[in-house]
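Observations on chain architecture
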Amino acid sequence: MFFQNSNKISCLESDPARVAREMQSLLKWLADNPNINARMDYENLTFFLRSCKYDLERTKKKIKCFYQMRAERPEWFCQRNPFLPEVQQLLELGVFLPIDGVDDEQRKVVVVRTAAHDPKLHTQNNVFKVSKMILDLLLHMEMENCSRGIVAIFDMNGVQLGHALQLNPILIKRSVESWQAYPCQPKKLEFVNSPTHVNLVLNTFRVFMTSKMRSRVLVQKYGCSIKCANLPKELGGNGPDYTELTIKWKCLVEANSKFYQEDEKYKSILKN
């Protein structure tokens, strides 16, 4: 989520009476619309409110969109047992790695390793599924850090034609829509170690992005522009390397299997 007018956000948060009123309105709206089937705990709803700058109608739209997306994409949000073989394989590869701490602008940084998997062995839907499992756990564990925005670094080192062929236009559209549905939309999308033909694929992504999201895309052939004390060694930093981060997040996902059992319940009830 992004605070383009942080002073306005601070003022709103310093008015607990108004926040309480908006929270009550939100709870009543969710009670009147049980088909949305959202998590109704205070922390989750506050997360959505903050991401929408405490605009109640905008918050309702965001919540509805997010939980509808979860219902419409069972290939990503169902069967999230960390010990399923296909999940274990991708956890071991480290396809999605949050970096410890935040960057110089206090935003959470994640690395998406676009070529860590073998397209002959792993489906792109399973890659997205595991990535969202880790993202959901990250939001649960580090809500405050994520509330200041997420920076996604797409490391394209080793990317091959097979990886590109997995990304058909429908899957690309769904991927972009999912990023835009989350309450923590990315502040920056930086593609590093990019091959010369990367724009052939990125142009399809751009078609489905909002103008704001398109403006946040940066393609780098060499180096990474993100200033972060814990940037992995593979990206020129001094933080834990990919292997260390992979072990850490695999252990965290496995230790939170009950979280996924509970979290899977929350998705819109679609009408036949």
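Overview of the structure. Predicted model only: the values in this text are computed from it and were never measured.

Observations regarding the pairing of strand β2 (residues 108-113)
Most of β2 is tucked away, with five of its six residues classed as buried. With four bridges joining them, strand β1 (residues 96-102) and β2 adopt antiparallel strand pairing. Within β2, the residue paired with Val-102 across the bridge is Lys-108. Connecting β1 to the antiparallel partner β2 that follows it, the hairpin turn spans five residues, and Gln-106 within it adopts a positive phi of roughly 65°.

Describing the sheet that holds strand β5 (residues 217-219)
Overall, mixed pairing links the five strands, which are arranged β1-β2-β3-β4-β5 in an open sheet. Because the sheet does not close on itself, it has two edges, and the strands there are β1 and β5. Across the sheet, the mean angle from the axis of one strand to that of its neighbour is 20°, orientation sign disregarded.

Some points on the environment of Leu-171
Take Leu-171: it is sitting in helix α10 (residues 169-181). Judged by relative accessible area, Leu-171 falls into the buried class, the value being 8%. Note: C-alpha distance between Leu-171 and Pro-240 (69 residues apart in sequence) is 32 Å. Among residues more than four places away in sequence, those in contact with Leu-171 are Trp-76, Gln-124, Asn-125, Phe-128 and Gln-166.

Quick word on helix α11 (residues 198-208)
All buried positions along α11 are accounted for by Val-198, Leu-202 and Phe-205. Along the long axis of α11, the arc covered by the buried residues comes to 50°, so they all point the same way. In α11, the exposed positions angled more than 90 degrees off the buried face are occupied by Leu-200 and Val-207. In the core, the buried residues of α11 are packed alongside α10, β4 (186-192) and β5.

Some remarks on the packing of helix α7 (residues 124-141) against α10
Following both chains from N to C, one finds α7 and α10 inclined at 10°, their axes separated by 12 Å at the closest point. By the angle between their axes, α7 is roughly parallel relative to α10. On α10, the residues that touch Gln-124, Asn-125, Phe-128 and Lys-132 of α7 are Leu-171, Ser-175 and Ser-178. Among the residues forming the contact of α7 with α10, the class breakdown is two nonpolar, four polar and one charged.

Some thoughts on the environment of Ala-181
Mapped onto the secondary structure, Ala-181 falls in helix α10. When its relative accessible area of 0% is taken as the criterion, Ala-181 is described as buried. Separated by 47 residues in the primary sequence, Ala-181 and Cys-228 have C-alpha atoms spaced 26 Å apart. Leave out the neighbours within four places in its chain, and Ala-181 touches Lys-62, Cys-65, Phe-66 and Met-69.

Side note on the nonpolar core
Core analysis: the largest hydrophobic core is formed by 61 residues, its most contacted members being Ile-63, Leu-139, Ile-150, Tyr-182 and Leu-189. Residues lining this core come from more than one domain, with at least three contributed by each of domain 1 (1-72) and domain 2 (80-261). Once residues lying within four places of it in the same chain are set aside, the contact partners of Tyr-182 are Lys-62, Phe-66, Met-69, Phe-77, Lys-132, Leu-135, Asp-136 and Leu-139. With 14 residues, the next largest nonpolar core counts Val-192, Ile-226, Leu-235 and Leu-245 among its residues.

What counts, and at which threshold
Residues numbered from 1 in each chain as written. Predicted model: local features only at pLDDT ≥ 70, side-chain atom pairs only at ≥ 80, totals over all residues. Heavy atoms only, no water. Buried < 20%, exposed > 50% of the residue type's maximum accessible area, 1.4 Å probe, protein only. Helix = DSSP H or I, 4+ residues; strand = E, 2+ residues; numbered from the N terminus. Pairing = 2+ DSSP bridges. Axes fitted to C-alpha atoms, helices over the stretch in contact; angles between N-to-C directions. Contact = heavy atoms within 4.5 Å. Arc of directions from axis to C-beta. Parallel < 35°, antiparallel > 145°, perpendicular 65-115°, else oblique. Nonpolar A, V, L, I, M, F, W, Y, C, P; charged D, E, K, R; others polar. Core = buried A, V, L, I, M, F, W, Y, C linked by side-chain atoms within 4.5 Å. Domains from an automatic or database assignment.

Just distances and angles here, no functional claims.
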